[in-house]
Amino acid sequence: MPDQVTRLLVIRHGETPWNTEARIQGHIDIPLNEKGRWQAERVAQALADEALHAIYSSDLQRARHTAEAIAEVVGLPLSLDQSLRERHFGRFEGMTQEEVAAQWPEEARRWRERDPAYGPEGGETLEAFYERCIEAITRLARQHPGQNIALVAHGGVLDCFYRAANGLELDLPRSWKITNASVNRLIFNGEGFSLVGWADNRHLEEDEAASLDERSDGAVSAAR
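So, how was this worked out
- Residues numbered from 1 in each chain as written.
- Predicted model: local features only at pLDDT ≥ 70, side-chain atom pairs only at ≥ 80, totals over all residues.
- Heavy atoms only, no water.
- Phe/Tyr/Trp six-rings, centres within 6.5 Å; stacked < 30°, edge-to-face > 60°.
- Helix = DSSP H or I, 4+ residues; strand = E, 2+ residues; numbered from the N terminus.
- Buried < 20%, exposed > 50% of the residue type's maximum accessible area, 1.4 Å probe, protein only.
- Axes fitted to C-alpha atoms, helices over the stretch in contact; angles between N-to-C directions.
- Left-handed = near helix turned anticlockwise from the far one by under 90°.
- Contact = heavy atoms within 4.5 Å.
- Pairing = 2+ DSSP bridges.
- Right-handed = clockwise from strand over helix to strand, strands pointing away.

**Student:** Sorry, what's going on with the packing of aromatic side chains here?
**Tutor:** For any pair of aromatic rings, the description consists of the separation of the ring centres together with the inter-plane angle of the planes. Evaluation of the coordinates by the stated rule reveals six aromatic pairs. When the centroid spacing of 4.9 Å and the interplanar angle of 70° are considered together, the rings of Tyr162 and Trp198 count as edge-to-face. Of this pair, Tyr162 sits in helix H7 (residues 155–166) while Trp198 is found in strand S6 (residues 193–200), placing the two residues 36 residues apart along the sequence. The same class applies to Tyr162 as to Trp198, namely buried. Here a set of aromatic residues connected by ring pairs shows up, and it is made of Phe89, Phe92, Trp104 and Trp111.

**Student:** Quick question: what am I supposed to make of the packing of helix H2 (residues 34–46) against helix H3 (residues 61–74) here?
**Tutor:** Relative orientation and spacing of two packed helices are given, respectively, by the angle between their axes and the distance between those axes. Contact geometry for H2 and H3: axes closest at 8 Å, N-to-C directions at 35°. Between H2 and H3 the crossing geometry is right-handed. Counted together, Ala40, Glu41, Val43, Ala44 and Gln45 of H2 and His65, Thr66, Ala69, Ile70 and Val73 of H3 form the full contact between these two elements.

**Student:** Hey, could you run me through the pairing of strand S2 (residues 54–57) in this one?
**Tutor:** Side chains Ala54 and Tyr56 project from S2 onto one buried face, and the interleaved Ile55 and Ser57 project onto a second face that is buried too. With four bridges connecting them, S2 and strand S4 (residues 148–153) associate as parallel partners. Residue pairing in the sheet places Ala54 in a bridge with Ile149 of S4. Bridging between S2 and strand S3 (residues 78–80) involves three bridges; their strand directions are parallel. When the sheet's bridge partners are listed, Tyr56 is paired in S3 with Ser79. A crossover links S2 with its parallel partner S3, the connecting element being H3, and its sense is right-handed.

Geometry only, nothing functional implied.
Written out as structure tokens, the structure reads:
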């Protein structure tokens, strides 16, 4: 029924120092940089009139601090959910793609080709990560039928949401943007997700430099 549809605003966290260095963050708790804090304030103001009913965030501080700015503006409590964390990249975390390729060329190839069964040592496989993300968004959407909710998470998490909404395979190379502090819109009808809007960053347009695209999925995106 239409009144049972859950409307989701999904936001990627603001920029961090490691975003600018193209370092793999994963579960390492990197803070926002100055630009990221500005982006968080801008996205919060952009969502001020959205009539949200709940706000959820990854517990990693780059997402949490972005979500806190939104929660303050809309006057809602913030709920943290570890299931919204970025993919765990194990021993790759803290490295650039070039450093990974130089040290573990075969592993870098499997990562670059988006092998669903591959996971770095100590980290998650792409398939397990996807299942975690879709379980999380489905669970949260089911808790809010007929309401509007915001989820603040990470580039890899948003990529999973996009693929689920569009029925795309995990090994398909990415050609869509996932930029810092962008607003992305989905609906959940009780059975599955549909895409309403993607990569809206009009609230950041006064910034001379474009918001950085997600760069930790191992592949060279056409959107980069």
